[in-house]
Amino acid sequence: MNYNFDEIIDRKGTNAMNTDGFRDYIFHAPQTMKFPFADDEFIRMWVADMEFAALPEIVQSIKERLDRRIFGYTKVFDPTYYEAFSGWTKRNYNWDFKKEHLVTSPGIIPALYELVEYICKLDEKVLIVTPSYAFFKHAVEYNNMELVTSDLIENDGYYTIDFDDLEKKAKDEKVSLCIFCNPHNPTGRVWTPKELKKFGDICLANNLWIISDEIHCDLLRNNQTHTPLAKLYPESDRIITCMAPSKTFNMAGFMFSNVIIPNEGLRNVWSTRHYSFENPLSIVASQAAYTYGDEWLRQLKNYLDDNFMFMKNYLEKYLPKAVFRISESTYLAWVNINSYLPNQENLPLFFANKTGVLLEGGNMFVTNSDGYIRLNLACPRSILEEGLKRICEVLIKQRDHH
Ligand code: LCS
């Protein structure tokens, strides 16, 4: 079957964050905030979900579950869910994990909020690399703990870990946990096994726990391979792996994710304190995704690769001074537009007002991200083209203005 990623799907009236939540999330403003564009005139390239329809088998699994007509308290008891998910990690990453190590959570972010509390004592600190998905910082601050950041090194749009700085910070005796994004949002880096080993060695030698957030691991460019961090350390029980069908299959609204906790003590804390019921529709939908989703994902990855290539060609032609490399993973493009807009403080507000494009950028990624915009490319090519056209037109005008 050929899936149609060119289809434009109306999300109006579905309570979608993507269409209705941007005033609050991006601008911290009420629903009354006004723009020169009507809501349905915006090109939306911000929050990390996709404009693509879900796999038909996901929809079918939900219909079948609805037909059972009772929706009482539910948890993952049936081992076929474990078999579907571990089959997925085995097929895709040649890695699996013990059934008893798997717990589920209504999202990776809620799991992070809890795990920081369960792992760290109150006076301890948590390390992240920056730029970073902002919820890593929120999870630390929610627990009243101190955040320690290590800036990635950027060279012509390519990011690497500053291992000397990371080691210096990991040596701080109060640093007890690193929340790590593998592969990395927002830069898209797919860390190589060599980089992962160096990173893991530094953290483990300094007695840190590691939460490896691998939510984006299924969405790689076709020339890339994902390595689960925990695969490199089969003897260690201090690495917690988070994976989910939410990003991969565009089902974040089902709020269901996998957390693999090899340490028995920590797992016991989790099982006593975590409120562990799940939505019955989410379980069957996730199981269907991992069981039937291989071909859909293959076609999605091809479509995303082509979107990235389209963007690269477009920027080379119309915005040659933008610093952009095709992301190794995620459907998120990370672009430095500093040479066009050197003094712009609020990039999302600028683009919303001047061009009607909703995007994330600038200080939304904790630190080490000034001058960057992040564009979500998981949309039909016609929408991508319109978004890029608007962005380039306004930036070229800015440059001519200077
Ligand atoms: N972890 C990372 C690294 C993410 O990028 C996201 C979503 C999540 C976790 C969310 O996990 P959940 O709680 O839904 O399981 N990233 C988004 C982003 O960059 N913009 O919008 C959402």
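Keep in mind the model is a prediction, meaning the values are calculated, not measured. (Residues numbered from 1 in each chain as written. Predicted model: local features only at pLDDT ≥ 70, side-chain atom pairs only at ≥ 80, totals over all residues. Heavy atoms only, no water.)

A word on the overall build of the chain
And step 1. When you go through the chain residue by residue, the secondary structure sums to 14 helices and 14 strands.
And step 2. Relative to the 2.2 N^0.38 estimate, which gives 21 Å for 402 residues, the radius of gyration of the chain is 21 Å and therefore close to what a compact globule would have.
And step 3. On the principal axes, the C-alpha backbone points of the chain span a range of 60 × 55 × 40 Å.
And step 4. Per-residue burial for the chain yields a buried fraction of 56% across its 402 residues.
And step 5. The long-range share in the chain, meaning contacts at least 24 apart out of those at least 6 apart in sequence, stands at 75%. (Helix = DSSP H or I, 4+ residues; strand = E, 2+ residues; numbered from the N terminus. Rg over C-alpha atoms; globule rule 2.2 N^0.38 Å. Buried < 20%, exposed > 50% of the residue type's maximum accessible area, 1.4 Å probe, protein only. Contact = heavy atoms within 4.5 Å.)

Some remarks on the pattern of salt bridges
And step 1. Under the definition given, this model contains 24 salt bridges.
And step 2. Here Glu146 makes a salt bridge to Lys125, at a shortest N to O gap of 3.9 Å. In this pair, Glu146 is assigned in strand β4 (residues 146-151) and Lys125 in strand β3 (residues 125-130), connecting sequence segments 21 residues apart.
And step 3. Because the salt bridges share partners, they merge into one network encompassing Arg11, Arg44, Asp49 and Glu51. (Salt bridge = Lys/Arg side-chain N within 4 Å of Asp/Glu carboxyl O.)

Describing the sheet that holds strand β13 (residues 360-361)
And step 1. Reading across from one edge, β11-β14-β13 is the order of the three strands in this open sheet, with antiparallel pairing throughout. Since the sheet does not close on itself, it has two edges, and those belong to β11 (332-336) and β13, each with one partner.
And step 2. Direction of pairing for β13 relative to strand β14 (residues 372-376): antiparallel, over a ladder of two bridges. Counterpart to Glu360 in the pairing with β14 is Arg374. (Pairing = 2+ DSSP bridges.)

Description of the packing of aromatic side chains
And step 1. By the definition in use, this model includes 36 aromatic pairs.
And step 2. A cation over an aromatic ring shows up here: Lys321 above the ring of Tyr340, its NZ or CZ 6.0 Å from the ring centre.
And step 3. Taking the ring centre of Tyr303 as reference, the NZ or CZ of Arg381 above it sits at 4.3 Å. (Phe/Tyr/Trp six-rings, centres within 6.5 Å; stacked < 30°, edge-to-face > 60°. Lys NZ or Arg CZ within 6 Å of the ring centre and 35° of its normal.)

Quick word on the side chain of Ser86
And step 1. Along the chain, Ser86 turns up in helix α4 (residues 79-93).
And step 2. Ser86 has contacts with Trp95, Asp96 and Phe97, leaving out every residue within four places of it along the chain.

Quick look at the domain arrangement of the chain
And step 1. Domains assigned within the chain are domain 1 (17-47 + 295-401) and domain 2 (70-292).
And step 2. Each of domain 1 and domain 2 has a C-alpha centre, and these two points are 26 Å apart.
And step 3. Between domain 1 and domain 2, the contact holds 27 residues from the first and 37 residues from the second.
And step 4. Of the roughly 2800 Å² buried where domain 1 meets domain 2, counting both sides, 54% is carbon and sulfur surface.
And step 5. When the buried area of domain 1 at its contact with domain 2 is split by residue, Arg325, Glu328 and Val366 rank highest and sum to 25% of it.
And step 6. Taken together, the links from domain 1 to domain 2 amount to three salt bridges.
And step 7. Linking domain 1 with domain 2 are 18 residue pairs in polar contact (both at pLDDT 80 or more), by the criterion used here. (Domains from an automatic or database assignment. Buried area = accessible area lost by both parts, 1.4 Å probe. Polar contact = N/O pair within 3.5 Å; in protein donor to acceptor, adjacent residues only side chain to side chain.)

Things to note about the site of the ligand
And step 1. Residues in contact with the ligand amount to 15 residues; listed here are only the nearest, Ile108, Asn185, Asp213, His216 and Arg374.
And step 2. At a separation of 2.6 Å, an oxygen atom of the ligand approaches a polar backbone atom of Ile108.
And step 3. Arg374 places a side-chain nitrogen or oxygen 2.7 Å from an oxygen atom of the ligand.
And step 4. In the complex, 90% of the free accessible area of the ligand, which totals 500 Å², lies under the protein chains.
And step 5. No other element matches the three residues that helix α5 (residues 108-119) contributes to the shell around the ligand.
And step 6. Looking at the shell around the ligand residue by residue, the classes come out as eight nonpolar, three polar and four charged. (Near = heavy atom within 4 Å. Areas by Shrake-Rupley, 256 points an atom, 1.4 Å probe, with all protein chains shown as cover. Nonpolar A, V, L, I, M, F, W, Y, C, P; charged D, E, K, R; others polar.)

Describing the nonpolar core
And step 1. Core analysis: the largest hydrophobic core is formed by 74 residues, its most contacted members being Phe199 and Leu300.
And step 2. Here this core gets six residues from one element, more than from any other, and that element is α4. (Core = buried A, V, L, I, M, F, W, Y, C linked by side-chain atoms within 4.5 Å.)

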